[in-house]
Structure formats: structure tokens, C-alpha cells
Amino acid sequence: MLASILVFALLASGVTNAMTVYDKLRKKNLNKFIGIIDMLDLEYGFQTLLDDPKFKGTVFALTDKAAEAMEASVEDMGELADLLNYHIIPSERLKTKDMPKGIRAWDSQLSGHQVSTKIKGKSKRIIDEKKNEVKLYKRNLRADNAVIHVLTQDLVPKI
């Protein structure tokens, strides 16, 4: 009886076992990227977005070294938020197997810019609007409703 009351209380409180993007980033120890997300959450809501089990999409996360470089490359929090927006493609759960051969552009609706994928043989790269080609360091990390790819450098939109 006590166990069924506890289960009912957990269900009623909305507690779930969903693996959100934010949870997966923590599990993979992408600490600097998480730090940027947390730092920008109060004003821009990134942590809230990526910790929402209803969020669906693709996130291009960064290694610690790449996240440090991205943070150092900007002058203020607004610029950092713009760059982080460019790394999130809502609605599209883009796994590497779904990336077509050649070059395909994907709208990063949060930033209003496009991120492209380039497939050439077994090589899969992400191309930013400045034509920088970034290798995928880790591919297809799955959260419940999203896919995460870890990059070794940040993506930069044309401004």
C-alpha cells in the first residue's frame, strides 16, 4: 500500500525518468558547455529549454576546450547566447545516418541562421555559415527526444 502511494505521488508530481538533453550533457561530463548553458539560463532560458522532456531537436554540444574558446571569443552575454542558439536545431532529430550525401542545410530556428551537414564517404562534418568545417567528435548521443553531437570547435554564423 505504501509503495503504491509513493508511485502515485511521484506520478502526480510529474517526476519522470526521462533523459533530457541537459541530463545527457551532464552524464557525458561536458562541464564547460553545461556551465555556459547554466550561466545564460536566467536571462535566456537555455537550461530550462534543454531540461524540458518535451524539447525535440538536435544539439551540437562542445568539448570543454571548444566551449572555453567560444566563451573567450565573445564580448558579452548576448553574443554568447546568439552563438549558443546557433548550436540548437529544434524539431529536427538529426542522426548522422539521416544526413544525406552532399551538403544539406538545416534551419537553426532559434538563431535564424543555417547549419549545414556535409557527407563525403564516411566523413561527416558540420559546416557553419562562414564555411568552417567542424568534425563530429562524438555522434548520435541520445536523449529521450533529442540527438546530441559533440563538436571540437564552435559553429559561427555570418553576422
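Refer to the structure above for everything that follows.
Now for a description of the structure that goes with this document. (Residues numbered from 1 in each chain as written. Predicted model: local features only at pLDDT ≥ 70, side-chain atom pairs only at ≥ 80, totals over all residues. Heavy atoms only, no water.)

**Some remarks on the environment of Leu-84**
Selection rule: What counts as a helix is a DSSP run of H or I of at least four residues, what counts as a strand is a run of E of at least two, and both are numbered from the N terminus. By definition in these notes, contact holds between two residues if any of their heavy atoms fall within 4.5 Å.
Structurally, Leu-84 is set in helix H6 (residues 77–86). C-alpha of Leu-84 to C-alpha of Leu-155: the two residues are 71 residues apart in sequence and 8.9 Å apart in space. Every residue in contact with Leu-84, bar those within four places of it in the chain, is listed here: Phe-33, Ile-36, Ile-37, Leu-40 and Phe-46.

**Describing the packing of aromatic side chains**
Aromatic ring pairs: the centre-centre distance and the angle between the two ring planes describe each pair. Formally: By convention, a stacked pair of Phe, Tyr or Trp rings (six-membered ring in the case of Trp) has centres within 6.5 Å and planes under 30 degrees apart, an edge-to-face pair has planes over 60 apart, and any other such pair is tilted. Here's how the labels work: a residue is buried when its accessible area is under 20% of the maximum for its type, exposed when over 50%, partly exposed in between, all with a 1.4 Å probe on protein chains only.
Applying the stated criterion to the full structure yields one aromatic pair. Each ring, one from Tyr-44 and one from Phe-46, has its centre 6.4 Å from the other, and the planes form 35 degrees; the classification is tilted. Here Tyr-44 falls in the partly exposed class, since its relative accessible area comes to 35%.

**A closer look at the packing of helix H3 (residues 31–44) against H6**
Rule in force here: Whenever a helix is involved, its axis is fitted only over the stretch in contact; in every case the axis is a line through C-alpha atoms, and angles between N-to-C directions fall within 0 to 180 degrees. The labels follow the angle: roughly parallel below 35 degrees, roughly antiparallel above 145, roughly perpendicular from 65 to 115, and oblique for the rest. For any pair of crossing helices, the crossing counts as left-handed if the nearer helix is rotated counterclockwise from the farther one by less than a right angle, and right-handed if it is rotated clockwise. Following the grouping adopted for this structure description, the nonpolar residues are Ala, Val, Leu, Ile, Met, Phe, Trp, Tyr, Cys and Pro, the charged ones are Asp, Glu, Lys and Arg, and the polar ones are all others, Gly among them.
The N-to-C vectors of H3 and H6 enclose an angle of 115 degrees; their axes lie 10 Å apart at closest approach. In this view, H3 runs roughly perpendicular relative to H6, as classed from their interaxial angle. In terms of crossing hand, the pair formed by H3 and H6 is left-handed. Residues Phe-33, Ile-36, Ile-37, Met-39, Leu-40 and Tyr-44 of H3 lie in contact with H6, whose contacting residues are Met-77, Gly-78, Leu-80, Ala-81 and Leu-84. Of the residues that constitute the contact of H3 with H6, the class distribution is ten nonpolar, one polar and no charged.

**Some details on the packing of H3 against helix H5 (residues 64–72)**
It is the contact of H3 with H5, at a shortest axis distance of 7 Å, that shows an interaxial angle of 40 degrees. Taken as axis vectors, H3 and H5 run oblique relative to one another. Where H3 approaches H5, its residues Asn-31, Lys-32, Phe-33, Ile-36 and Met-39 are matched on the opposing element by Asp-64, Ala-67, Glu-68, Met-70 and Glu-71. Partitioned by chemical class, the residues of the contact of H3 with H5 number five nonpolar, one polar and four charged.

**Concerning the pattern of salt bridges**
Threshold: Any Lys or Arg side-chain nitrogen located within 4 Å of an Asp or Glu carboxyl oxygen qualifies as a salt bridge.
Taken as a whole and judged by the stated rule, the model has two salt bridges. When the shortest N-O distance is used, the salt bridge between Arg-26 and Asp-38 registers 3.7 Å. Separated by twelve residues along the polypeptide, Arg-26 in helix H2 (residues 21–27) and Asp-38 in helix H3 bring together distant segments of the chain. Put simply, Lys-32 and Glu-68 hold a salt bridge, and the shortest N to O gap is 3.5 Å. With a gap of 36 residues between them, Lys-32 in helix H3 and Glu-68 in helix H5 connect regions that are remote in the sequence. According to the relative accessible area criterion, Lys-32 is partly exposed, its value standing at 38%.

**Describing the side chain of Gln-47**
Along the polypeptide, Gln-47 turns up in helix H4 (residues 46–50). Judged by its relative accessible area of 19%, Gln-47 falls in the buried class.

**A closer look at H5**
Here is the rule we go by: In this context, the arc is that of the directions from the helix axis out to the C-beta atoms.
For H5, the complete set of buried residues consists of Ala-66, Ala-67 and Met-70. End-on view of H5: buried residues confined to an arc of 100 degrees, all on one side of the axis. More than 90 degrees from the buried face of H5, the exposed residues found are Lys-65 and Ala-72. Buried residues along H5 sit against H3, strand E1 (57–62), H6 and strand E7 (146–151).

Nothing here speaks to function; it is geometry throughout.
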